[in-house]
Amino acid sequence: MGIEVRGVTKRFGKFAALEEINLEVPTGELVALVGPSGSGKTTLLRIIAGLEAADGGTILFHGEDATERSPRDRNVGFVFQHYALFRHMTVFENIAFGLRVRPRRERPPEADIRRRVAELLHLVQLDWVAARYPPQLSGGQRQRVALARALATEPGVLLLDEPFGALDAKVRLELRRWLRSLHNELHVTSLFVTHDQEEALEVADKVVVMNKGKIEQVGTPEEVYDHPANPFVYQFLGSVNLFHGRVHQGEAQIGALNVAVPQHAGAQDMPAVGYARPHDLDVASTSQDGRATEAVIAHVRAVGPVVRLELTGVETGAPLEAEVTRERFRELGLKVGDSVFVTPRNLQVFVGDYAI
Amino acid sequence: MSQETILRSAQVTDARFARSDPPVARWLLIALALLFVGVFLVLPLVAVFAAGLAKGVGAYWAAISDPDAWSAIKLTLLAAAIAVPLNTVFGVAAAWAVTKFDFRGKQLLITLIDLPFAVSPVISGLIFVLLFGSRGIFGPWLIAHSIRILFALPGIILATTFVTFPFVARTLIPLMQAQGMEEEEAAMVLGANGWQIFRRVTLPNIKWGLLYGIILCNARAMGEFGAVSVVSGHIRGLTNTMSLHVEILYNEYQFAGAFAVASLLVLLALVTLVVKCVAEWQQQRLMTVVDEPADEEGT
């Protein structure tokens, strides 16, 4: 079952939480809604679930208008950030709930319910907690129970609201890989909200970047990471270095650096900003062609597979961040206070003054 | 024991004392508290039973089994049996509405719920006199249709209901606010209808709080004096509740009888307290967030 969102708008008083949102989640895909807090991603998810009413627009499930349908008739599974497990019920009863509340003629017989719950517990690898109560489980276990409960009714769509938001870093990492493999197994159309861009890029087939109630870009993780539509997406999806300059007739002049920007062929001496990821900065101890930016090393972090250098531009005084391999770092023999020359390898130039 | 260990244990003892008040102050405070509890709570309690039994068990029994006393007991129980369920239903409905929905006038509703707490019970009684008395707003109409509200059972029930109106709602609102509505939302998405959500999710979560509210409501319903006194008319054997009966006996210098009936009310209060303690303890046990056990992720 695919989801289609058409022109959905939502206001809370004067605050526009969502403005004319259009989005399609194709059947069987795992899509991440990512954005800073207050960007409207959770509101959108709740509107799709029917827990919140939109002020305008329509929600379609499988091509059918579901805007006026009650949440109980939408056949969605919802996973809450804080699990929302029924605290007075055992894990078994939590998972069985969706089956037990069905009208009598649709309710499966007790034996089927037991079988289904056992299957789901096996699926989330928690066979041994059936008789426990939610407060007796760890956060990660609770969220897996919540997922099993959401899957019990065989929903056409699975909606997850910051599912790993309340867990600590290590469990988070494990659970999101597990979610990915679970999705590969079940192929239920899933939409999950997160503020963690890394999580979105790692887990999702498609990433929807939201900001201030609008969708900034939709694409595969590679697309949004390598070809961000605008400075916001670029900034949001990872660390970034800014180089200020000007663009004139398809050529950007940034410091001593000349970059061809054919997409801005019409620009007449416009202010522009070049963006480069830390791993896209070349660091050298000498300047070969006199076009590199000189910077001083302010801090070295040599933990992990790459060495991170915090630099200060000599001319601009602006902070820069570069990542080099350990070999390169040893080769250059760098230490704090050294002067280096930095050349951006893969500069994305956006015309105009973007205040970020 | 080495020198160092001795030194450290001395420090530990010091630290323990540093965190508490000097012994004299502690004992003084405890003694004061005990004295206060003794004089204002235990002594009157004992005095009630002592005075009730002053003329022997026979007189005590006679006072209680007196037809007027018996009718007062029945009336009190009847008024409570009607007022408490009414306010339970109302309280749950109001708490549910206030905590689970957003609507215009919500703050006004919360304020109105508190109204019976804010006005004196005598005024509460007078309100009904103004409404249903012979010179009240509905008085002439009621007389024309020969419906009796004041100085009759309906008046007593109305006054009791009004006075005990806030208890259930007031105990439930903070509890339900703290619990939020995520569980209800989860149940709704899973396909439960309104009644199923209430019956299977909300009610089990609030049952101890609800019981606590009902107990408080019941205690007040049985013990109410002021409002009931205004609307009852003190007709012996007809519109006298227990607390009114106690007053009448007392005014007639039948001290032993008055205290005998009063002791029944005290007994009711004691039972209420015990049940209340159990309910409170249960509720607290459920409200306590259990410490998260260490993650054992076997994935």
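First things first, this report covers the structure right here in the doc. Note that this is a predicted model, so its numbers are computed, not measured.

It is worth spelling out the overall build of chain A at this point. What chain A contains, in helices and strands, is nine helices and 20 strands. Each principal axis of the C-alpha atoms in chain A carries an extent, and together these give about 80 × 45 × 35 Å. In chain A, buried positions account for 52% of the 356 residues. In chain A, once contacts between residues fewer than 6 apart in sequence are set aside, the share between residues at least 24 apart is 66%. For chain A, the exposed area adds up to about 16,100 Å²; of that, 50% sits on carbon and sulfur atoms. Charge-centre separation for chain A: the mean point of 40 positive side chains lies 8 Å from the mean point of 46 negative side chains.

In terms of helices and strands, chain B carries 14 helices and zero strands. Ordered by position from the N terminus, the helices and strands of chain B form the series α-α-α-α-α-α-α-α-α-α-α-α-α-α. Counting every position in chain B, which comprises 299 residues, the buried fraction comes to 38%. Within chain B, contacts between residues separated by at least 24 positions form 72% of all contacts whose residues are at least 6 apart in sequence.

Taken together, the side chains of A:Arg104, A:Arg107, B:Arg199 and B:Arg200 define a basic patch exposed on the protein surface. Among the secondary structure elements, B:Arg200 is positioned in helix α11 (residues 194–223).

Another point: the sheet that holds strand β7 (residues 157–161) of chain A. Residues and elements named next belong to chain A. Taken in spatial order, the six strands make up an open sheet running β6-β7-β8-β3-β9-β10, and their pairing is mixed. In this open sheet, the two edge strands, each paired with only one partner strand, are β6 (76–79) and β10 (214–219). Adjacent strand axes in the sheet meet at a mean angle of 15° when their direction is disregarded. Of the pairings in the sheet, the one linking β7 to strand β8 (residues 189–194) comprises five bridges and is parallel in character. Opposite Asp161, over in β8, you have Val193 as the bridge partner.

Nonpolar side chains tend toward joint burial in soluble globular proteins. Residue and element names in this part refer to chain A. Core analysis: the largest hydrophobic core is formed by 47 residues, its most contacted members being Ile95 and Leu147. When residues of this core are assigned to their parent elements, the largest contribution, six residues, is made by helix α4 (residues 139–151). Ignoring anything within four residues of it in the chain, the contact list for Ile95 reads Val117, Leu120, Leu121, Val145, Ala148, Arg149 and Ala152.

Attention now moves to the interface of chain A and chain B. Across the boundary between the two partners, chain A contributes 37 residues, which contact 26 residues of chain B. For the pair chain A and chain B, the two sides together bury roughly 2,800 Å², of which 55% comes from carbon and sulfur. Area buried by chain A at its contact with chain B is led by A:Arg72, A:Arg87 and A:Val101, which between them contribute 22% of it. Connecting chain A to chain B are two salt bridges. Our enumeration of links across chain A and chain B arrives at six residue pairs in polar contact (both at pLDDT 80 or more). Looking at the side of chain A that touches chain B, the elements that each hand over two or more residues are β6, α2 (91–100), α4 and α5 (169–186) of chain A. Broken down by element, the residue count for the side of chain A that touches chain B peaks at seven residues, all from α4(A).

A few words on the packing of aromatic side chains. Aromatic rings considered in pairs are described by the distance between their centres and by the relative angle of their planes. Taken as a whole, this structure holds 15 aromatic pairs over all chains when the rule is applied. Ring centres of A:Phe232 and A:Phe236 lie 5.6 Å apart, and the angle between their planes is 15°; on these two criteria the pair is classed as stacked. Remark: A:Phe236 and A:Phe232 occur in helix α8 (residues 231–236); sequence separation between them is four residues, near one turn of the helix. In this pair, the class of A:Phe232 matches that of A:Phe236, namely buried. Put simply, the rings of B:Phe128, B:Phe132, B:Phe138 and B:Phe162 pair up and form one aromatic cluster. We note A:Arg149 situated over the ring of A:Phe86; from NZ or CZ to the ring centre the distance is 4.6 Å. When the ring centre of A:Tyr225 is taken as reference, the NZ or CZ atom of A:Arg277 above it lies at 4.4 Å.

Attention shifts here to the pattern of salt bridges. Tallied over the full model, the rule gives 34 salt bridges over all chains. The partner of B:Glu185 in a salt bridge is A:Arg46, and the shortest N-O contact between them spans 2.6 Å. Here A:Arg46 lies in helix α1 (residues 41–49) and B:Glu185 lies in helix α10 (residues 182–189), a pairing that spans two chains. Taken as a pair, B:Glu185 and A:Arg46 share a single burial class, namely buried. As a salt-bridge pair, A:Arg176 and A:Asp196 come within 3.8 Å of each other at their nearest N and O atoms. Here A:Asp196 lies in the loop between β8 and α6 (197–203) and A:Arg176 lies in helix α5, a separation of 20 residues in the sequence. Summarising the burial analysis for this pair, A:Arg176 and A:Asp196 share the class buried. Connected through shared salt-bridge partners, A:Arg172, A:Arg176, A:Arg177, A:Asp196, A:Glu198, A:Glu199 and A:Glu202 make up one network.

Residues and elements named next belong to chain A. Structurally, the position occupied by Asn241 is in strand β11 (residues 241–248). A polar contact of 2.6 Å, which involves the side chain of Asn241, links it to the backbone nitrogen of Glu321. Leave out the neighbours within four places in its chain, and Asn241 touches Gly274, Tyr275, Ala276, Arg277, Pro278, Leu281, Pro319, Leu320 and Glu321.

Another aspect to go through is a nonpolar patch on the surface. All names here are of chain B. Residues Leu35, Phe36, Val37, Val39, Phe40, Leu41, Val42, Leu45, Val46, Leu267, Leu270 and Leu273 make up a contiguous nonpolar surface patch of about 1,100 Å² in total accessible area. Where the nonpolar patch is concerned, the elements lending two or more residues are α2 (23–52) and α14 (255–287). At nine residues, the largest contribution of residues to the nonpolar patch is made by α2. Of note, Val39 is situated in helix α2. You can call Val39 partly exposed: its relative accessible area is 44%.

Conventions used here
- Residues numbered from 1 in each chain as written.
- Chains lettered and ligands numbered in written order.
- Predicted model: local features only at pLDDT ≥ 70, side-chain atom pairs only at ≥ 80, totals over all residues.
- Heavy atoms only, no water.
- Helix = DSSP H or I, 4+ residues; strand = E, 2+ residues; numbered from the N terminus.
- Buried < 20%, exposed > 50% of the residue type's maximum accessible area, 1.4 Å probe, protein only.
- Contact = heavy atoms within 4.5 Å.
- Areas by Shrake-Rupley, 256 points an atom, 1.4 Å probe, with all protein chains shown as cover.
- Lys, Arg positive; Asp, Glu negative; His and termini not counted.
- Charge placed at Lys NZ, Arg CZ, Asp CG, Glu CD.
- Patch = residues over 30% accessible without salt bridge, like charges linked within 9 Å, V, L, I, M, F, W, Y side chains within 5 Å.
- Salt bridge = Lys/Arg side-chain N within 4 Å of Asp/Glu carboxyl O.
- Pairing = 2+ DSSP bridges.
- Axes fitted to C-alpha atoms, helices over the stretch in contact; angles between N-to-C directions.
- Core = buried A, V, L, I, M, F, W, Y, C linked by side-chain atoms within 4.5 Å.
- Buried area = accessible area lost by both parts, 1.4 Å probe.
- Polar contact = N/O pair within 3.5 Å; in protein donor to acceptor, adjacent residues only side chain to side chain.
- Phe/Tyr/Trp six-rings, centres within 6.5 Å; stacked < 30°, edge-to-face > 60°.
- Lys NZ or Arg CZ within 6 Å of the ring centre and 35° of its normal.

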